[in-house]
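As a plain string of letters, each chain reads:
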Amino acid sequence: LSLLQAQGVKSIVLTPHFYPHSQRISDFVKERNKRVDETKNVFDKFGFKRSIIPTMLLLVLGYIILFVFDKTVPVFIGSLVMMCGYLASAAVFGAQIREKTPQNKAGMFQGLRIFAQVLIPGVVGPFIGKTVLSTAQTITNNDGTTSFVPNENIFFAALAVAVIVLILVLLF
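Model, not experiment: these values are computed from the prediction. (Residues numbered from 1 in each chain as written. Predicted model: local features only at pLDDT ≥ 70, side-chain atom pairs only at ≥ 80, totals over all residues. Heavy atoms only, no water.)

(A) Up close: the overall build of the protein chain. When you go through the protein chain residue by residue, the secondary structure sums to six helices and two strands. Overall size of the protein chain, expressed as C-alpha extent along the three principal axes, is 50 × 45 × 30 Å. Across the 172 residues that make up the protein chain, the buried fraction comes to 19%. Excluding contacts between residues fewer than 6 apart, the proportion of contacts in the protein chain whose partners are at least 24 apart in sequence is 53%. On the protein chain, roughly 12500 Å² of surface is accessible, and the fraction owed to carbon and sulfur atoms is 66%. With 16 positive and 9 negative side-chain charges, the protein chain shows a spacing of 8 Å between the two charge centroids. (Helix = DSSP H or I, 4+ residues; strand = E, 2+ residues; numbered from the N terminus. Buried < 20%, exposed > 50% of the residue type's maximum accessible area, 1.4 Å probe, protein only. Contact = heavy atoms within 4.5 Å. Areas by Shrake-Rupley, 256 points an atom, 1.4 Å probe, with all protein chains shown as cover. Lys, Arg positive; Asp, Glu negative; His and termini not counted. Charge placed at Lys NZ, Arg CZ, Asp CG, Glu CD.)

Dropping the structure here:
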């Protein structure tokens, strides 16, 4: 951030994967668009439903593993499967959003995309988490605040949300 500040940047609207000290913005945008197009090619070949279902099933499988197991190796595997499903699903949903965005109007629709992919999950997710963990064990931190100790119920709640999304995808 200090590098950007030294260059006179007053606000930042980039992903955390952009590194201004080792990458030009034009190269970053070119590479990002290339990756989106690669995802879109798979999406174009199979269509939205045939692309999203396997990725969502991978996400669901990861949540099931995380719900059932609590040992290090299965939790690592479950986390890996869950994150692969999450990232692949996000790419397919992103391709679908891009597909549905009117030509030359992308800027006008970015607010809707951010609302759907950032704001809703950022508000709904913590609400679900707080509700699910309301009876969970708590600990007192060094600064005197308390925190929930996550348990398997958080993965069950995430699993339920993923299944609901999958059902909605299948219905529409």
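(B) Region of the structure containing the environment of V81. On the secondary structure map, V81 appears in helix 4 (residues 72-100). The class for V81 is buried, based on a relative accessible area of 16%. As a C-alpha pair, V81 and L170 span 89 residues in sequence and 22 Å in three-dimensional space. Beyond its immediate stretch of four places on either side in the chain, V81 contacts L58, L61 and G62.

(C) Local environment of the nonpolar core. Core analysis: the largest hydrophobic core is formed by 15 residues, its most contacted members being F48, I52, M56, L59, Y63 and A162. Elements represented by at least two residues in this core include exactly helix 3 (48-68), helix 4 and helix 6 (153-171). When residues of this core are assigned to their parent elements, the largest contribution, seven residues, is made by helix 3. Once residues within four sequence positions are removed from consideration, A162 is found in contact with M56, L59, V60 and Y63. (Core = buried A, V, L, I, M, F, W, Y, C linked by side-chain atoms within 4.5 Å.)

(D) Highlighting unusual backbone geometry. Phi at N104 is positive, roughly 65 degrees, even though this residue is not glycine. For N104, the position within the fold is in the loop between helix 4 and helix 5 (106-132). Exposure remark for N104: the relative accessible area of 77% places this residue in the exposed category.

(E) Quick peek at a nonpolar patch on the surface. A cluster of nonpolar side chains, namely V163, I164, I167, L168, L171 and F172, defines an oily patch on the protein surface of about 630 Å² accessible area. Mapped onto the elements, L168 comes out in helix 6. (Patch = residues over 30% accessible without salt bridge, like charges linked within 9 Å, V, L, I, M, F, W, Y side chains within 5 Å. Salt bridge = Lys/Arg side-chain N within 4 Å of Asp/Glu carboxyl O.)

(F) Geometry of the side chain of Q96. With respect to the element layout, Q96 can be found in helix 4. When neighbours within four sequence positions are excluded, Q96 is seen to be in contact with F43 and F48.

(G) Region of interest: the packing of helix 3 against helix 6. The N-to-C vectors of helix 3 and helix 6 enclose an angle of 165 degrees; their axes lie 9 Å apart at closest approach. The angle between helix 3 and helix 6 falls in the class roughly antiparallel. Two packed elements cross with a definite hand, and for helix 3 against helix 6 that hand is left-handed. Here F48, K49, I52, I53, M56, L57, L59, V60, Y63, I64, L66 and F67 of helix 3 come into contact with helix 6, specifically with N153, F155, F156, A158, L159, A162, V163, V165, L166, V169, L170 and L171. Of the residues assigned to the contact of helix 3 with helix 6, the class counts are 22 nonpolar, one polar and one charged. (Axes fitted to C-alpha atoms, helices over the stretch in contact; angles between N-to-C directions. Parallel < 35°, antiparallel > 145°, perpendicular 65-115°, else oblique. Left-handed = near helix turned anticlockwise from the far one by under 90°. Nonpolar A, V, L, I, M, F, W, Y, C, P; charged D, E, K, R; others polar.)

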